[in-house]
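Below are the chains, spelled out letter by letter.
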Amino acid sequence: MKLPTDNPNLFVRFLLSFWAPTTRSLRGWALASVVVNAGITVTGAGVRVTASGLGCPTWPRCTPDSFVPVAHPEVSPLNMAVEFGNRLLTFLVLAVGVACVLAALRLAPRRVSLVRLAWLQPAGIVAQALWGGLVVNTMLNPFTVGTHYLISSGLIAVCWLLYARAGEGDGPLRRVTHRDIRRLGHVLLAAAFALLVAGVVVSGTGPHSGDEMASRFDLDIEAVARFHADLAYLVVGLTFALLFALHVTHAPRPARRAALALLGVELLQGVIGYTQWFLAVPAALVLLHVLGSTLVWIAALRVVTSLRVRDGEPAPVSPSPTEATEATAAV
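In this text the structure is predicted, and so the values were computed from the model without any measurement. (Residues numbered from 1 in each chain as written. Predicted model: local features only at pLDDT ≥ 70, side-chain atom pairs only at ≥ 80, totals over all residues. Heavy atoms only, no water.)

1. A look at the layout of surface pockets
Taking a probe equal in size to a water molecule and rolling it over the atoms shows the remaining empty space.
Point 1. By volume, the second largest pocket amounts to about 320 Å³.
Point 2. Surrounding the second largest pocket, 13 residues form its lining, Arg27, Tyr163, Ala164, Thr305 and Ser306 being those nearest its centre.
Point 3. Those elements that place two or more of their residues in the lining of the second largest pocket are helix H5 (142-166), helix H8 (253-278), helix H9 (283-306) and strand E2 (308-310).
Point 4. Here the lining of the second largest pocket is composed, by residue class, of 6 nonpolar, 3 polar and 4 charged. (1 Å grid on protein atoms, 1.4 Å probe; cavity = no way out; pocket = protein on both sides within 12 Å on 5 of 7 lines; lining within 4 Å. Points joined across faces, edges and corners; volume = space filled by probe spheres on them. Helix = DSSP H or I, 4+ residues; strand = E, 2+ residues; numbered from the N terminus. Nonpolar A, V, L, I, M, F, W, Y, C, P; charged D, E, K, R; others polar.)

Take a look at the structure:
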């Protein structure tokens, strides 16, 4: 039996990947959604470090009279191009999200849990775009800018959950480790999210505001940076504890590999963070740090989903002829 993915025409295979999807192609689209949402998070940081946050000073138009960039005496053409390019990437992210929805709707048999997760993507992307308008209208207020990043983190979590759930059944959740180890994984994920929030506060306090007119949090940058570093130590410590617990309990290899990968990403992120601090926060390292924080978040999500599985729902058992006869007689 040939599958849609066996078609020799590349374009036809692309169309069939969401119009006549398999579980594998749906997972591919979910993973693509993780990638594009992570990518637009990094490019959003690029907008900030190039001082292009108000390159398009209005929303939804780029300028008061045009949806596309036009020469403006008060805005650098480069800044306008950077900001407009980031806005255009939203359509790519939305397109991938719509492909996930189509694939989930047309998957046979349809799985309601996957459809619900898939619909969260375009809904979240639209909400994110509207919030982007608020970012512009508040002149890059650090609260709205930081929330913009955290919404992207939430979307990445939804995309990753779709990827993980598509590879499982719809049966009851089953732990693959001890209950307390799974709880430790949840604590680790919560700590990782707290680390993201603290990073947002540091970004909203330090340099690279996105524009000269943008406001900053009225906080001591050294104090918030130290608090952020303390949270990073906590996350690394929890990761090491989880990795040790998985090792001594002989947990399944996917869980141990996920925890080891998370620890590796965290250590690299720490090197980047300390380097950028001692070099007075150069723009290039800010981009790397945002990429690192996004990878830490994805790796933490991978750890949590590796600590449990869902089997397929058991097929209904047909009654034996004797049981069927007795049931009929009873009626």
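On we go.
2. Some remarks on the state of the cysteines
Point 1. The tally for this structure, following the rule as stated, stands at 1 disulfide.
Point 2. Between the sulfur atoms of Cys56 and its disulfide mate Cys62 the distance is 2.1 Å. Every disulfide takes its handedness from the sign of the S-S torsion; for Cys56 and Cys62 that torsion is -70°, giving left-handed. Pair check on accessibility: Cys56 and Cys62 agree, each one buried. (Disulfide = S-S within 2.5 Å. Buried < 20%, exposed > 50% of the residue type's maximum accessible area, 1.4 Å probe, protein only.)

3. With respect to the confidence of the model for the protein
Point 1. Model confidence for the protein is summarised by a mean pLDDT of 90, while 92% of its residues fall at 70 or above.
Point 2. Contacts of residues 315-331 to residues separated by more than four positions or lying in other chains number 1 contact, the stretch itself having pLDDT below 50. (pLDDT = per-residue confidence, 0-100. Contact = heavy atoms within 4.5 Å.)

4. Here's the deal with the environment of Val286
Point 1. Looking at the element boundaries, Val286 is found in helix H9.
Point 2. Look at Val286 and you get buried, because its relative accessible area is 7%.
Point 3. Taking C-alpha positions, Val286 is 7.6 Å from Val49, a pair spaced 237 residues apart along the chain.
Point 4. Those residues in contact with Val286, other than ones at most four positions away along the chain, are Arg48, Val49, His208, Gln276 and Val281.

5. With respect to the packing of H5 against H9
Point 1. Direction vectors running N to C along H5 and H9 enclose 35°, while the axes themselves pass 10 Å from each other. H5 and H9 meet at a crossing whose hand is right-handed. Judged by residue contacts, Tyr149, Ser153, Ile156, Ala157, Trp160, Leu161 and Ala164 of H5 engage Val290, Ser293, Thr294, Trp297, Ile298, Leu301, Arg302 and Thr305 from H9.
Point 2. Per-class residue counts for the contact of H5 with H9 are 10 nonpolar, 4 polar and 1 charged. (Axes fitted to C-alpha atoms, helices over the stretch in contact; angles between N-to-C directions. Left-handed = near helix turned anticlockwise from the far one by under 90°.)

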